[in-house]
Structures are given as C-alpha cells and as structure tokens.
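Understanding the architecture of this molecule
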Amino acid sequence: MLSSPSQRLLWRDLTLFDGTRQLDEPMAVMVEGGRIAGVWTEQAFDPALATGAVEAGRGGVMTPGLVDCHTHLVYAGDRAREFEQRLQGVSYEEIARNGGGILSTVRATRQASEEQLIEASLPRLDALLADGVTCVEIKSGYGLTLEDELKMLHVARRLGELRPVRVVTTLLGAHALPPEYAGNADGYIDLVCTAMIPAAAEQGLADAVDVFCEGIAFSPAQCERVFQAAAAHGLAIKAHAEQLSNLGGSALAARYGALSVDHIEYLDEAGVQALAAAGTVAVLLPGAFHVLRETQQPPIDLLRRHGVPIAVSSDANPGTSPICLPTLMANMACTFFRLTPIEALAGMTAHAAQALGRRELGRIEPGAPADLCLWDIHHPAELAYAVQAGRLRQRVFAGVITHDR
Ligand code: NIG
Ligand code: FE
C-alpha cells in the first residue's frame with residue numbers, strides 16, 4: 001500500500017536497527033505527521049495505541065532510510081573509455097594530467113542543459129532510492145565556471161523536487177583546475193572564493209563547500225582559502241582529502257570545523273587526532289577504493305581508537321565510482337576495510353547524517369523525521385553480507401509510504 005500524509009502508520013514485530021545499534025527484542029514503530037511517533041518493544045506495546053492506526057507491515061528488518069552523504073550524481077557523459085585505459089595500466093593521475101578524468105566530464109557537463117542533466121541524473125537517483133536512500137548529498141564540481149557550477153547545484157535542488165528524497169547540496173568548485181586557468185590555480189581559487197561561494201550562498205543553492213586537496217587538484221594553502229570563504233558565508237565545510245597521498249588536508253579541514261573528510265586512505269594518526277578533536281566525521285568511499293584498485297587501507301583501527309564517527313558512502317561519480325547501489329558499499333566497507341556490518345550500517349545512517357550536519361536523520365527514535373526502510377531480510381547484517389538488489393519491501397519518506405512491493 002502507498003499511504004497519505006494524514007495516516008497514522010504502525011509496524012509490528014520488527015527487527016530494528018535504529019541507526020547505531022540493533023535492538024535485541026521484537027519492536028513496534030508508529031509514524032504520524034511525518035515523524036516517528038513511538039518506538040516500543042512488542043512486550044511493552046499497548047494494543048490501545050493501535051486504535052486509529054493503519055497496520056502497514058509485520059516482520060522484517062527496519063532501518064532508518066539510508067543517507068548517501070557523498071555523491072557526484074549530476075553529470076553528463078561517461079568515462080567508459082577511461083575505464084578501459086586504466087585496465088591497461090594507465091593511472092587515474094596520468095589520465096587527469098593529460099586533460100582527461102574529471103576534465104572530460106567537465107566538458108560534457110558544460111555542454112549539457114539543465115533538462116539534459118536532469119534526464120541523465122534521474123536514473124542514477126532512482127537506483128539509489130530503490131536501494132533505500134531517503135537523503136542524498138549531491139556535489140557540483142563538473143562545471144568549474146560560475147554559471148556551470150550554479151547550473152549543477154540548481155539541477156541537484158530540482159532533483160529533490162522531482163523525487164521523494166532529501167537533497168543536500170555541496171559546492172565543489174575546487175574540484176579540478178579548468179583549462180582556461182592552466183598555470184593559474186590561485187587565480188581560479190579567487191574565482192571560487194569571490195564569485196562561486198558568495199553566489200551559491202546568496203541564492204541558497206549550497207549547504208556546504210567541498211574541496212579536492214591533492215597533488216592533481218589543490219594545495220592545502222589553496223583549500224584553506226576556500227574554507228575561509230565558506231566560513232565567511234556561513235556554509236559548512238567538507239574535504240576530499242588523503243585519497244592518493246597525505247598532504248594534511250584532513251587536519252586542515254578539521255581545524256576549520258569540517259563536517260567530514262572523505263576518502264582518507266592515506267590519513268595518519270595526527271590527522272585522526274585532529275578529526276577526533278573537531279568532531280569531524282570520517283567518510284569511507286569503498287567504491288572509489290575498488291575502482292581505482294587502491295591498496296592503501298584507511299586507518300580504521302585508529303579511527304575506532306580515537307572515537308571518530310565513521311560514515312560510508314557511494315561517491316557515485318563517472319570516474320572513480322560509477323556505482324549506484326548503496327548496500328554494495330556496506331558490503332565493500334566490510335570486505336575491504338573490515339568494518340562490522342553494524343558499523344557499516346551506522347555509517348550509512350546516523351553517521352552519514354552527521355556528516356551532512358543533519359543529525360535528526362538516520363535514526364529511529366521518537367520525534368525524528370519518519371524516513372524508514374523495511375527490508376525483506378532476517379537480520380540487519382544481511383544488508384552488508386549479501387549483494388542483492390530488490391530487498392526493499394517498503395520505503396517511507398517523511399511519514400509516507402512511497403514504495404511497497
Ligand atoms: O570522489 N577525488 C575526486 N573526486 C571524485 C572523482 C571525480 C571523478 O573522477 O570524476 C572522487 O573520487
Ligand atoms: Fe567524491
């Protein structure tokens with residue numbers, strides 16, 4: 001059944017993963033007015049509470065709606081040819097230095113209209129939704145002009161109007177140096193700081209600002225200028241850092257109070273300590289690790305030891321992670337990085353929401369927005385254990401059943 005916003009909905013006999021842990025007993029969950037109205041053990045559930053409520057389901061595993069906290073979902077074209085080159089031994093960096101990689105997607109995205117970008121991006125968004133996503137972050141970063149960056153952000157916002165999903169947008173102007181600024185990276189960073197960030201903030205098109213701090217992208221000093229401009233305009237900060245080398249970008253971002261630093265395969269203990277001190281989330285992107293055939297492991301044990309919250313995300317993008325199956329990311333976070341299945345699920349719910357500064361999401365607790373998934377499985381760990389599309393029985397967005405099998 002699909003439901004209407006006015007209905008009070010009730011699920012019984014659930015195995016519940018609440019965003020941080022699995023509950024030991026069978027549970028009941030009620031939803032009303034877009035929010036979670038109550039969570040009870042079956043034993044403590046008073047049948048009088050069911051009066052006037054529609055029983056929406058019985059049994060199965062309920063989790064918060066998945067939060068995909070790092071995607072580059074909006075782009076035109078594809079990079080299949082580059083994939084073939086990489087299989088023949090050409091590295092991601094070499095391709096980038098020869099004007100391919102991110103810049104090849106920039107050429108295609110600049111040429112595309114908003115309508116064309118929507119048409120190209122909707123199937124990817126629909127794939128995420130079909131696998132349980134109820135909140136997705138979408139970055140710009142394939143425009144690299146003021147106009148094209150704003151175009152991408154506008155498309156991202158429109159996607160959130162076209163589908164039942166919360167879209168959080170991030171300006172990633174400092175993703176790559178566009179050819180017209182060759183040899184003048186500082187000049188391009190001026191454009192990001194004095195034109196892109198102010199415009200995106202003023203027009204309400206960005207919730208956060210991101211950078212790519214890397215040898216093939218921008219230096220820590222350049223990223224710092226971007227963080228200063230973001231802070232001056234009241235925008236949250238994120239960073240692609242320590243993906244291919246250790247430049248200290250994560251610690252720098254943490255000093256500016258970053259919500260998250262993402263990739264972090266090359267992060268060292270000093271960097272981990274900086275994240276812990278700042279309350280910055282470490283976002284793991286196993287899809288990019290897989291596609292780049294990376295062998296450097298992110299410092300999982302150090303993150304655990306220092307109590308840094310770990311999130312897991314798809315990084316859906318045409319170059320390093322052309323994968324729109326979030327539950328596969330849970331699987332890869334476990335197989336590649338040895339996260340426990342419960343850590344991986346927390347990484348795609350409560351911790352991912354924290355990485356977006358949306359701590360009210362990604363949890364099943366009274367008062368929280370009612371974004372929920374009911375899965376046809378027996379144990380939450382199955383979501384990470386098996387790789388299988390189509391296990392989502394029901395998807396609830398803002399208290400309304402938007403998908404039912
Ligand atoms: O998250 N690291 C930089 N940016 C993206 C890749 C973008 C691309 O190759 O198109 C990432 O891996
Ligand atoms: Fe990314």
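Let us look at the structure shown here. All figures in this text were calculated on a predicted structure; none of them were measured in a lab.

Description of empty space enclosed by the protein
Across all of its chains, the model carries one cavity of 30 Å³ or more by this definition. Taken as a whole, the largest cavity holds about 110 Å³ of empty space. Taken together, 14 residues make up the lining of the largest cavity; nearest its centre are His72, Tyr92, His175, Asn317 and Thr320.

Comments concerning the site of ligand 1
Lining the immediate environment of ligand 1, one finds 15 residues, of which Arg79, Tyr92, Tyr142, Gln243 and Thr320 sit closest. Contact between ligand 1 and Gln243: a nitrogen atom at 2.7 Å from a side-chain N or O atom of the residue. Take Asp315: an N or O atom from its side chain is 2.8 Å from an oxygen atom of ligand 1. Its free accessible area being 330 Å², ligand 1 has 100% of it covered by the protein chains. Most atoms of ligand 1, that is more than half of them, are within 2 Å of grid points of the largest cavity. In terms of residue class, the shell around ligand 1 is built from four nonpolar, nine polar and two charged.

Regarding the layout of surface pockets
Each pocket or cavity is described by its volume, and for the largest pocket that value is around 280 Å³. If you trace the largest pocket, you find 14 residues lining it, with Arg86, Tyr92, Val291, Leu292 and Arg293 closest to the centre. Looking at the lining of the largest pocket, the elements that each hand over two or more residues are α1 (80-87), α2 (92-97) and α10 (286-291). With three residues, α1 is the single largest residue contributor to the lining of the largest pocket. Residues belonging to the lining of the largest pocket are distributed by class as follows: eight nonpolar, two polar and four charged. Size it by volume and the second largest pocket reaches roughly 240 Å³. Around the second largest pocket, the lining comprises 15 residues; the ones closest to its centre are Ala96, Leu103, Ala176, Leu177 and Ile216. Elements with a minimum of two residues in the lining of the second largest pocket: α2 and α3 (102-111). By residue number, the principal contributor to the lining of the second largest pocket is α2, which donates three residues. Within the lining of the second largest pocket, the residues separate by chemical class into twelve nonpolar, two polar and one charged.

Side note on the side chain of Ser121
One can find Ser121 in helix α4 (residues 114-130). Apart from residues no more than four positions distant in its own chain, Ser121 is found in contact with Leu73, Val74, Tyr75 and Leu159.

A short note on the pattern of salt bridges
Following the criterion strictly, the structure yields 24 salt bridges and no others. With its nearest N and O atoms 3.2 Å apart, the salt bridge here joins Arg58 to Asp13. Taken together, the positions of Arg58 in strand β4 (residues 54-58) and Asp13 in strand β1 (residues 9-16) put the pair 45 residues apart, joining distant regions of the chain. For Arg58, a relative accessible area of 43% corresponds to the partly exposed category. Note on Asp13: relative accessible area 36%, which makes it partly exposed. Put simply, Arg358 and Glu360 hold a salt bridge, and the shortest N to O gap is 2.9 Å.

Looking at the sheet that holds strand β11 (residues 260-263)
On the basis of which strands lie adjacent, the open sheet formed by eight strands has the order β6-β7-β8-β9-β10-β11-β12-β13 and parallel pairing. Both edges of this open sheet fall to β6 (66-68) and β13 (310-312), since each of them pairs with a single strand only. With strand direction ignored, the average angle separating the axes of adjacent strands in the sheet is 25°. Alignment of strand β9 (residues 208-213) against strand β10 (residues 236-241), held across four bridges, turns out to be parallel. Following the sheet pairing, Ala208 is matched in β10 by Ala236.

Cut-offs used in this document
Residues numbered from 1 in each chain as written. Chains lettered and ligands numbered in written order. Predicted model: local features only at pLDDT ≥ 70, side-chain atom pairs only at ≥ 80, totals over all residues. Heavy atoms only, no water. 1 Å grid on protein atoms, 1.4 Å probe; cavity = no way out; pocket = protein on both sides within 12 Å on 5 of 7 lines; lining within 4 Å. Points joined across faces, edges and corners; volume = space filled by probe spheres on them. Near = heavy atom within 4 Å. Polar contact = N/O pair within 3.5 Å; in protein donor to acceptor, adjacent residues only side chain to side chain. Areas by Shrake-Rupley, 256 points an atom, 1.4 Å probe, with all protein chains shown as cover. Sits in = over half its atoms within 2 Å of the grid points. Nonpolar A, V, L, I, M, F, W, Y, C, P; charged D, E, K, R; others polar. Helix = DSSP H or I, 4+ residues; strand = E, 2+ residues; numbered from the N terminus. Contact = heavy atoms within 4.5 Å. Salt bridge = Lys/Arg side-chain N within 4 Å of Asp/Glu carboxyl O. Buried < 20%, exposed > 50% of the residue type's maximum accessible area, 1.4 Å probe, protein only. Pairing = 2+ DSSP bridges. Axes fitted to C-alpha atoms, helices over the stretch in contact; angles between N-to-C directions.

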